[in-house]
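A look at the structure
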Amino acid sequence: MIGLISATSAGAAARDRLAAAWPERTRVYDGSVGEALRAAFAECEQLVCFLATGATVRILAPLLADKGADPGVVCVDEGGRFAVSLLGGHGGGANELAVEVGELLGARPVVTTATDAVGMAGLDTLGVPVEGDVAAVTRALLDGEPVALEAEVAWPLPAVPFASAQGASYRVRLTDRVVEPASGEVLLRPPSLVIGVGASKGAPVDEVLSVIEDALRDAGLSARSVARLATVDAKAEEPGILEAAARLGVPVITYSAEELAGIEVPNPSRAPLAAVGTPSVAEAAALAGGGELLVPKRKSGGSPAMATCAVVRRPSRGRLAVVGLGPGARDLLTPRARAELRRASVVVGLDQYVDQIRDLLRPGTAVLESGLGAEEERARTAVAEARLGRAVALIGSGDAGVYAMASPALAEASDDIDVVGVPGVTAALAAGAILGAPLGHDHVSISLSDLHTPWEVIERRVQAAAEADLVVTFYNPRSRGRDWQLPKALALLSEHRAASTPVGVVRNASRADESSRVTTLGELAPATVDMMTVVTVGNTATRIVAGRMVTPRGYRWQEEAR
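Throughout what follows, the structure given in this document is the object of discussion. (Residues numbered from 1 in each chain as written. Predicted model: local features only at pLDDT ≥ 70, side-chain atom pairs only at ≥ 80, totals over all residues. Heavy atoms only, no water.)

**As for the environment of Ala163**
Examined against the element boundaries, Ala163 turns out to sit in the loop between strand E8 (147–151) and strand E9 (170–174). For the pair Ala163 and Gly144, spaced 19 residues apart in sequence, the C-alpha to C-alpha distance is 9.8 Å. Not counting residues within four places of it along the chain, the set of residues in contact with Ala163 comprises Pro146, Val147, Ala148 and Leu149. (Helix = DSSP H or I, 4+ residues; strand = E, 2+ residues; numbered from the N terminus. Contact = heavy atoms within 4.5 Å.)

This is how it looks when you write it as C-alpha cells:
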C-alpha cells in the first residue's frame with residue numbers, strides 16, 4: 001500500500017489525483033502531518049509525501065531502521081514540478097515510484113542513486129536476494145574496477161559490467177549454497193531450489209519446517225534460494241504445508257497423483273501409494289519440473305514421522321523477451337518494452353533497430369546484431385542465448401508478432417526457456433492514426449512479400465479480402481526486385497471497389513522523415529511506393545472527411561443522423 005500525505009490545498013489536489021488513479025494501491029492519511037507521516041511509515045510499503053524534503057526527513061529520521069526494511073519515500077514539491085526519490089530508492093522501490101508519480105502528475109522524477117544515474121543495474125535490484133558487501137562492490141563497479149562474476153548456478157540476470165576473474169579484487173557469486181561472503185564479495189541467491197513435501201493429515205507446521213530446514217542445513221543449501229514447495233493435489237490444503245510455505249515466503253504448487261506416479265524416483269514407497277495413489281510424493285513432486293536431486297527423501301524426527309521432504313536444484317531457465325519497438329518514434333516505445341530492454345543482458349536484432357534503442361541499454365549489455373535477411377539466424381541466436389541461462393531481448397519494429405521476429409523465434413524455442421511477448425504499436429496502427437480512422441471497421445493486413453509466402457497464396461488472400469469488402473493494409477508493398485505485386489493486388493481490389501475508393505499512403509510513420517497522403521484506388525501510382533511505406537485501401541464505405549480517411553462502423557446513431 002502507498003500512503004499519501006499532504007499539508008496544503010495544492011498538495012491535496014495532487015494527492016487526490018494519485019488516489020483517483022490508483023484506488024487499490026493508495027491510502028490517504030489526513031490530520032496532523034507529523035502524525036499522518038509516522039502512521040503511514042509504520043503501515044505502508046511506500047509513501048508519497050506532498051511536502052518539502054527537509055520537513056519529511058526531520059519527521060522520519062527517528063523512525064529509520066534499515067534500508068532493506070524501511071518504506072520507499074517519494075516527495076513531490078508544492079508546484080508539482082519534481083518527484084524526488086528520497087528514501088529506499090532500490091529496496092523500497094522509491095526510484096520506480098518516482099518515475100510512476102512523475103508520469104501521472106507531469107512531474108520530473110529525481111533519482112540520485114549512483115547506479116541509476118549512470119544506467120547501471122544495482123546489485124540489490126537484480127530480482128534475487130543479495131548478501132555481503134554490496135556498497136563496496138557497487139562502488140568498484142561505478143569506479144570501473146574489475147568485478148568478477150562467479151555463477152555456480154546459471155540464472156538470467158540483467159546486464160552488469162562484470163570482468164574476468166583474473167586480477168579482480170571484487171567478486172559477485174551467484175550461488176544457492178550456504179557460504180559467508182568475504183570482504184569485497186556479494187552473494188546473489190537465485191531461486192533455484194524446489195522442495196518436495198509429503199505430510200500426514202494434521203502434520204504440525206513445526207515438524208514440516210524442521211525436516212525442510214534440516215535437509216537444507218545438512219546439504220549446505222541456502223533457504224533464501226528456495227523457489228517453492230511442491231506436493232500432491234491431495235495435500236493442497238494441508239495446513240502444515242501451507243503454513244510452512246508462508247513462513248518461507250514461497251508458493252505451493254501441486255501435481256496430480258497420476259503425474260507423480262509417472263516420475264521415476266530412487267526411493268518409492270508403498271505408504272503414499274496406498275494413501276494418495278502414488279509411490280512417491282516428496283521426491284516425485286520435487287523432480288516434476290526436472291532437475292538434479294540434491295537431497296533424497298528424508299523423514300521428519302517425529303514419532304511417528306509425519307512429514308517428508310526432498311530437495312531438487314531445478315534446471316536453469318533462460319528468459320527470452322520478444323520485444324516490439326513500435327514504428328520508430330521514441331514516445332511510441334512502450335514502458336514495458338523499455339523495461340525489458342533494461343532487464344536484458346543480451347539484445348539480438350537487426351542493426352538498424354538496435355541503433356534506435358542502443359542508448360537505452362544498460363552498461364555491459366551484449367549486443368548481437370545482423371543485417372537484412374538474417375531473420376532465421378537472429379531467431380536461432382536469441383533462443384540459443386536464452387538456453388545458456390541468459391536474459392535475452394529479441395527486438396523487432398512495430399509489434400514483434402506481426403511480420404516480425406516472434407513467429408520464427410517461438411517456432412525455434414522449446415519449453416526449456418521462459419518466453420515473454422512484449423507488444424508494440426504496429427505500422428498499420430501508426431499509419432492509420434496519421435490517415436484518420438481507416439481501420440474503423442473490419443480490416444486485414446497482408447504482406448506482399450513473396451520471399452516467405454508463395455504469390456499464389458498471397459493472391460488468394462487479397463482476392464478473399466476484396467470479396468469480403470475488408471479494409472486492407474499492405475505491408476512490404478514494393479521493392480526494387482518486386483515491382484509487380486502491388487499493381488496486381490490493386491487490380492484484384494479494383495474488381496470489387498470503385499476507382500474513387502480512398503487509399504492512404506504513409507512512409508516512415510512516426511519518424512522524422514514521415515510523409516503521408518490520401519489518394520484513390522484509381523489514382524495511386526505504385527512507383528511512388530517502397531518498402532518503408534504502408535498502403536491502406538478503404539472498403540466500399542470508406543470516405544474522405546476533412547482530408548482524412550474514415551471507415552464508419554455502422555452505428556445506428558450515425559445512420560439516424562443522416
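**Some thoughts on the sheet that holds E8**
Ordered by their spatial adjacency, four strands build an open sheet running E7-E10-E9-E8, and the pairing between neighbours is mixed. Only two strands of the sheet have a single neighbouring strand rather than two, namely strand E7 (130–132) and E8. With strand direction ignored, the average angle separating the axes of adjacent strands in the sheet is 20°. Here E8 pairs with E9 via five bridges, running parallel. Paired with Val147 across the strands is Tyr170, a residue of E9. Along the sheet face, helix H6 (residues 134–142) touches E7, E8, E9 and strand E10 (185–188) and points at about 115° away from the line of E9. (Pairing = 2+ DSSP bridges. Axes fitted to C-alpha atoms, helices over the stretch in contact; angles between N-to-C directions.)

**Some details on the nonpolar core**
The biggest cluster of nonpolar side chains holds 23 residues, and the ones touching the most others in it are Ile195, Val197, Val208, Ile212, Leu216, Leu229 and Val311. Of all elements in the fold, only strand E11 (193–199), helix H7 (205–219), strand E12 (226–232), helix H8 (239–248) and strand E15 (307–313) reach the threshold of two or more residues within this core. Among the elements that make up this core, the one with the highest residue count is H7 (seven residues). Beyond its immediate chain neighbours, meaning those up to four positions away, Leu216 contacts Leu193, Ile195, Leu221, Ala223, Val226 and Val311. Counting 21 residues, the second-largest nonpolar core is a separate cluster that includes Phe474, Val503, Leu524 and Val529. (Core = buried A, V, L, I, M, F, W, Y, C linked by side-chain atoms within 4.5 Å. Buried < 20%, exposed > 50% of the residue type's maximum accessible area, 1.4 Å probe, protein only.)

**A few points about the sheet that holds strand E21 (residues 436–437)**
Read from one edge of the open sheet, three strands run E21-E28-E27, paired in mixed fashion. Because the sheet does not close on itself, it has two edges, and the strands there are E21 and strand E27 (543–545). Sheet topology note: the E27/strand E28 (residues 548–550) ladder contains three bridges and is antiparallel. Counted as the bridge partner of Arg543 is Val550 from E28.

**A word on the packing of helix H2 (residues 33–43) against helix H3 (residues 53–60)**
Viewed as axis vectors pointing N to C, H2 and H3 meet at an angle of 65°, and their least axial separation amounts to 10 Å. H2 and H3 meet at a crossing whose hand is right-handed. Of H3, the residues touching H2 (which contributes Val33, Gly34, Leu37, Arg38 and Phe41) are Thr56, Ile59 and Leu60. Tallied by class, the residues present in the contact of H2 with H3 amount to five nonpolar, two polar and one charged. (Left-handed = near helix turned anticlockwise from the far one by under 90°. Nonpolar A, V, L, I, M, F, W, Y, C, P; charged D, E, K, R; others polar.)

**So, empty space enclosed by the protein**
Using the criterion set out here, one finds one cavity of 30 Å³ or more in the structure. Lining the largest cavity are Arg319, Ala321, Glu340, Arg343, Ala344, Ala391, Val392 and Ala393. Of all the secondary-structure elements, those providing two or more residues to the lining of the largest cavity are strand E16 (319–324), helix H12 (335–343) and strand E19 (391–396). When residues of the lining of the largest cavity are assigned to their parent elements, the largest contribution, three residues, is made by E19. Looking at the lining of the largest cavity, its residues break down into five nonpolar, no polar and three charged. (1 Å grid on protein atoms, 1.4 Å probe; cavity = no way out; pocket = protein on both sides within 12 Å on 5 of 7 lines; lining within 4 Å. Points joined across faces, edges and corners; volume = space filled by probe spheres on them.)

**Here's the deal with the pattern of salt bridges**
For the coordinates displayed, the defined rule picks out 29 salt bridges. The residue Arg298 makes a salt bridge to Asp218 at a minimum N-O spacing of 3.0 Å. You can see Arg298 sitting in strand E14 (residues 292–299) and its partner Asp218 sitting in helix H7, a full 80 residues away along the chain. Exposure remark for Arg298: the relative accessible area of 26% places this residue in the partly exposed category. The residue Arg319 makes a salt bridge to Glu340 at a minimum N-O spacing of 2.6 Å. Placement of the pair is Arg319 in strand E16 and Glu340 in helix H12, with a sequence separation of 21 residues. Judged on exposure class, the residue Arg319 and its partner Glu340 are both buried. Each of the salt bridges in this network shares a partner with another, and the network as a whole consists of Asp214, Arg217, Asp218 and Arg298. (Salt bridge = Lys/Arg side-chain N within 4 Å of Asp/Glu carboxyl O.)

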